[in-house]
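Coordinates in review
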Amino acid sequence: MKIDCKHVWDYISAYIDGDVDHALRAEIDRHLEHCEICSAVMDSTRNVVVLMADERVFEIPGGYSERLHHRLDALLLTGDSSG
Amino acid sequence: MEEGHIISAQVPTGKPARVTSTINSQGNGDRAPAALIARILAGEKQLFHDLIRPVERAVFVMLFMLLRNEIDAEDAAQETFIKIYRNLHNFRGESKFSTWVVSIARNEGLAWLRKRSSRPEEAIQPILDQDGEASTGDFTPALLTDWREVPLETLERKELGQCLCRAVLNLPPIYRDVVQLRDMDDLDIAETASVLGITEGSVKVRLHRARIMLQKELVPLLEKYAPAKRGFFWRRV
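The notes below deal with the structure included here.

Reading guide: rules and limits
- Residues numbered from 1 in each chain as written.
- Chains lettered and ligands numbered in written order.
- Predicted model: local features only at pLDDT ≥ 70, side-chain atom pairs only at ≥ 80, totals over all residues.
- Heavy atoms only, no water.
- Helix = DSSP H or I, 4+ residues; strand = E, 2+ residues; numbered from the N terminus.
- Rg over C-alpha atoms; globule rule 2.2 N^0.38 Å.
- Buried < 20%, exposed > 50% of the residue type's maximum accessible area, 1.4 Å probe, protein only.
- Areas by Shrake-Rupley, 256 points an atom, 1.4 Å probe, with all protein chains shown as cover.
- Axes fitted to C-alpha atoms, helices over the stretch in contact; angles between N-to-C directions.
- Parallel < 35°, antiparallel > 145°, perpendicular 65-115°, else oblique.
- Left-handed = near helix turned anticlockwise from the far one by under 90°.
- Contact = heavy atoms within 4.5 Å.
- Nonpolar A, V, L, I, M, F, W, Y, C, P; charged D, E, K, R; others polar.
- Phe/Tyr/Trp six-rings, centres within 6.5 Å; stacked < 30°, edge-to-face > 60°.
- Lys NZ or Arg CZ within 6 Å of the ring centre and 35° of its normal.
- Polar contact = N/O pair within 3.5 Å; in protein donor to acceptor, adjacent residues only side chain to side chain.
- Core = buried A, V, L, I, M, F, W, Y, C linked by side-chain atoms within 4.5 Å.

**Digging into the overall build of chain A**
- In terms of regular secondary structure, chain A is built from five helices and zero strands.
- Element order for chain A, N to C, with α for helix and β for strand: α-α-α-α-α.
- In summary, chain A has a C-alpha radius of gyration of 23 Å against a globular reference of 12 Å for 83 residues, an excess of more than 25%.
- Along the first, second and third principal axes, the C-alpha set of chain A runs to 65 × 25 × 15 Å.
- The buried share among the 83 residues of chain A stands at 55%.

**A few points about the overall build of chain B**
- Within chain B, the regular secondary structure consists of eight helices and zero strands.
- Starting at the N terminus, the α and β elements of chain B follow one another as α-α-α-α-α-α-α-α.
- Per-residue burial for chain B yields a buried fraction of 52% across its 237 residues.
- Just so you have it, chain B exposes about 11200 Å², and 52% of that area is on carbon and sulfur atoms.

**Side note on the packing of helix α4 (residues 97-116) of chain B against helix α7 (residues 189-196) of chain B**
All names here are of chain B.
- Following both chains from N to C, one finds α4 and α7 inclined at 30 degrees, their axes separated by 9 Å at the closest point. With respect to each other, α4 and α7 are oriented roughly parallel. In terms of crossing hand, the pair formed by α4 and α7 is right-handed. Packed against α4, whose contacting residues are Thr-99, Val-102, Ser-103 and Arg-106, the element α7 presents Glu-191, Ser-194, Val-195 and Leu-196 at the interface.
- Grouping the amino acids of the contact of α4 with α7 by side-chain chemistry returns three nonpolar, three polar and two charged.

**Here we look at the packing of aromatic side chains**
- The full count for this structure, using the stated rule, is seven aromatic pairs over all chains.
- Each ring, one from Phe-48 of chain B and one from Tyr-85 of chain B, has its centre 5.1 Å from the other, and the planes form 70 degrees; the classification is edge-to-face. Of this pair, Phe-48 of chain B sits in helix α2 (residues 47-67) while Tyr-85 of chain B is found in helix α3 (residues 70-86), placing the two residues 37 residues apart along the sequence. Accessibility classification places Phe-48 of chain B together with Tyr-85 of chain B in one group, the buried group.
- Clustering of aromatic rings is evident, with ring pairs tying together Phe-58 and Tyr-64 of chain A together with Phe-60 and Phe-64 of chain B.
- In this arrangement the basic side chain of Arg-25 of chain A is found over the ring face of Tyr-15 of chain A, its NZ or CZ atom lying 4.2 Å from the centre.

**Some remarks on α7 of chain B**
Residue and element names in this part refer to chain B.
- Taking burial as the measure, the eight residues of α7 include six buried ones, the bulk of the element.
- For α7, the full list of buried residues reads Ile-189, Glu-191, Thr-192, Ala-193, Val-195 and Leu-196.
- Among the residues of α7, the N-terminal cap falls to Asp-188, whose side-chain oxygen and the backbone nitrogen of Ala-190 are separated by 3.1 Å.
- Two residues or fewer after α7 comes Gly-197, characterised by a positive phi angle close to 70 degrees.

**Topic: unusual backbone geometry**
- In this structure, Arg-68 of chain B is a non-glycine residue whose phi angle is positive, near 55 degrees.
- Among the structural elements, Arg-68 of chain B can be located in the loop between α2 and α3.

**Considering the nonpolar core**
- Counting residues in hydrophobic clusters, the biggest one holds 91 residues, and the most contacted among them are Phe-48, Phe-81, Ile-84, Leu-88, Phe-97 and Leu-214 of chain B.
- Here this core takes 14 residues from α2 of chain B, the largest share from any one element.
- Ignoring sequence-local partners within four residues, the contact set of Phe-48 of chain B consists of Leu-72 and Leu-76 of chain A together with Ile-40, Phe-81, Ile-84, Tyr-85 and Leu-88 of chain B.

**Some details on the environment of Met-213 of chain B**
Residue and element names in this part refer to chain B.
- The topology assignment puts Met-213 in helix α8 (residues 200-222).
- Relative accessible area serves as the criterion here: at 22%, Met-213 is assigned to the partly exposed category.
- Each residue touching Met-213, except ones within four places of it in the same chain, is listed here: Phe-139, Leu-171, Pro-172 and Tyr-175.

**Points about the environment of Arg-157 of chain B**
All names here are of chain B.
- Assignment of secondary structure puts Arg-157 in the loop between α4 and α5 (158-169).
- Here Arg-157 falls in the partly exposed class, since its relative accessible area comes to 49%.
- Distance in space between the C-alpha atoms of Arg-157 and Leu-36 is 38 Å, their sequence separation being 121 residues.

**Here we look at the side chain of Asp-177 of chain B**
- Considering the arrangement of structural elements, one finds Asp-177 of chain B in helix α6 (residues 173-184).
- Here Asp-177 of chain B is in contact with Arg-106 and Leu-196 of chain B, once residues within four sequence places are set aside.

Okay, structure coming up:
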């Protein structure tokens with residue numbers, strides 16, 4: 001099987017997740033060895049996935065946890081959610 | 001794009017290892033959710049605090065993505081955890097506790113949207129793709145020949161985090177959902193499908209499209225954060 005750039009792009013996400021079979025992965029790897037555009041596309045997409053996983057991307061408001069647990073304390077102590 | 005700057009590094013296989021804690025790493029030491037839940041139901045109510053700490057961030061993010069308002073998201077998060085506490089006896093352990101919690105949070109968020117109804121662009125029911133989801137479709141990435149690794153340390157700069165956050169928020173809802181659950185919360189494909197009530201195949205297609213959209217959106221922004229020179233493992237040829 002010989003694959004082209006378009007074929008590689010169709011499998012970027014599955015490749016990053018390790019969700020392509022052995023034969024296809026080997027073919028994509030061979031393509032990436034000589035195609036600098038697809039290598040850069042794969043690198044950049046994977047980098048985006050890595051960055052998205054970082055909790056610093058999305059900041060939680062200060063005091064969220066404290067306010068949540070304070071509210072829950074009222075519930076746990078009284079069995080009522082109005083606190 | 002700069003001609004002549006070519007990447008020789010190979011992309012490692014498999015989903016990248018996570019750099020931060022996620023809802024799938026429960027963070028309760030050796031106390032599994034099931035054991036904690038049993039003790040809470042037996043009367044040790046204060047353990048509920050420990051049970052939910054690993055998932056409280058994911059619940060807020062889920063609700064903020066839906067409601068796009070920090071105050072509403074926080075109020076909805078509190079209501080979500082109250083419902084979880086009151087329905088804890090209904091958790092059968094057929095899914096992970098974190099998946100169950102995120103599902104309840106999503107339903108709570110959708111209920112808030114119905115009540116609020118001030119954001120018609122946020123459809124209550126997922127918007128089905130016009131071209132179906134049988135294939136990945138014609139989603140082409142941003143083409144480039146130079147991609148320099150953006151170090152995670154760069155996230156210390158608020159501006160970059162805000163760019164990434166904005167890019168996710170700007171995705172159409174059906175794509176934002178899968179990115180949030182799969183890439184931000186680290187749910188697996190089956191768990192993501194379960195929360196969204198769609199097939200695993202649809203999750204994969206939407207995830208692919210979402211990642212390509214983000215790549216196209218973010219590459220021009222991220223390039224300015226890339227280091228000027230490569231380290232040993234990122235030499236140019």
